[in-house]
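Given next are the chains, with one letter for each unit.
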Amino acid sequence: IIDKKSLFLNQSTYFIIKITNLMMDAIDKKLLVYLQNDSRQTTKQLSILLNLSPTAVYERIKKLEKAEVISKYVALLNPKKIERDFIVICQVRLVHHHKNAIKEFEAEVKLLPEVLSCYHISGEYDYVLKVCLKDMEEYRDFIANKLTGLKHIGSTHSNFVIAEVKQSSVFDIK
């Protein structure tokens with residue numbers, strides 16, 4: 001005899017396992033390529049490209065969202081048009097490498113809107129930041145009044161982008 005509580009837990013566990021082990025077919029992968037290039041396409045437009053019904057496309061998108069393959073939809077801005085085209089790659093070395101220092105630095109750096117990306121890396125430095133600002137004066141203010149004010153920073157090293165050769169948010173899906 002199986003009680004209702006056990007049955008519910010088993011079904012929930014099955015559902016979680018099924019979602020985390022999402023199997024994507026060739027159509028799902030094509031759909032993801034189309035959405036990465038233009039996520040504003042309607043399900044009708046996508047259905048024509050994929051030779052599916054709009055309902056089938058909608059269901060596939062919902063499945064991919066639920067499985068967190070699609071994490072969100074965004075508008076990509078032109079940095080020049082919003083005066084954020086002064087790009088700096090900043091390397092950061094922490095003084096301490098204990099768990100709390102890492103957690104505190106990461107929590108603080110997430111609050112800096114000028115930092116678009118932050119990667120914990122191996123090598124001589126501990127982190128690499130992509131910082132986008134208006135100009136050198138704004139970067140100087142950022143370094144002097146924000147970044148070096150964060151706890152646990154030992155040193156920084158900055159590289160200024162001369163030209164952006166490639167910038168993409170599109171993954172090659174095979």
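Here is a short report on the structure shown in this document. Here, residues in each chain are numbered from 1, in the same order as that chain's written sequence. For this predicted model, a pLDDT threshold of at least 70 governs which residues receive local features, and a threshold of 80 or more governs which side-chain atom pairs are given and counted, while totals over whole chains, interfaces and linings are taken from all residues. Side-chain descriptors were evaluated using all non-hydrogen atoms of the structure, hydrogens and water having been removed beforehand.

**Concerning the sheet that holds strand β2 (residues 115-120)**
Part 1 of the reasoning: Any two strands with at least two DSSP-identified bridges between them are counted as paired. Under the DSSP-based scheme used, a helix requires at least four consecutive residues in state H or I and a strand at least two consecutive residues in state E, with every element numbered from the N terminus. Strand order in this open sheet of 4 strands is β2-β3-β1-β4, and the pairing throughout is antiparallel. The outermost strands of the open sheet, each flanked by one partner alone, are β2 and β4 (153-160). In this sheet, neighbouring strand axes are inclined to one another by 20° on average, regardless of whether the strands run parallel or antiparallel.
Part 2 of the reasoning: With 7 bridges connecting them, strand β1 (residues 86-94) and β4 associate as antiparallel partners. Note on method: axes are straight lines fitted to C-alpha atoms, helices fitted across the in-contact stretch only, with angles between N-to-C directions ranging 0 to 180 degrees.

**Quick word on unusual backbone geometry**
Part 1 of the reasoning: Even without glycine at this site, Glu68 takes up a positive phi of about 65°.
Part 2 of the reasoning: Mapped onto the elements of the fold, Glu68 is located in the loop between α4 (54-66) and β1.
Part 3 of the reasoning: At His152, a residue that is not glycine, the phi angle is positive and equals roughly 75°.
Part 4 of the reasoning: By the secondary structure assignment, His152 is in the loop between α6 (136-145) and β4.

**Considerations on the side chain of His152**
Part 1 of the reasoning: Taking relative accessible area as the criterion, His152 reaches 18% and is therefore assigned buried.
Part 2 of the reasoning: Whether two residues touch is decided by their heavy atoms; if any such pair falls within 4.5 Å, the residues are in contact. Contact partners of His152, with chain neighbours within four places excluded, come to Arg93, Leu94, Val95, His96, Ala101 and Glu104. Accessibility here uses a 1.4 Å probe with only protein chains present; expressed as a share of the type maximum, an area under 20% marks a residue as buried, one over 50% as exposed, and anything in between as partly exposed.

Keep in mind these numbers describe shape, not what the thing actually does.
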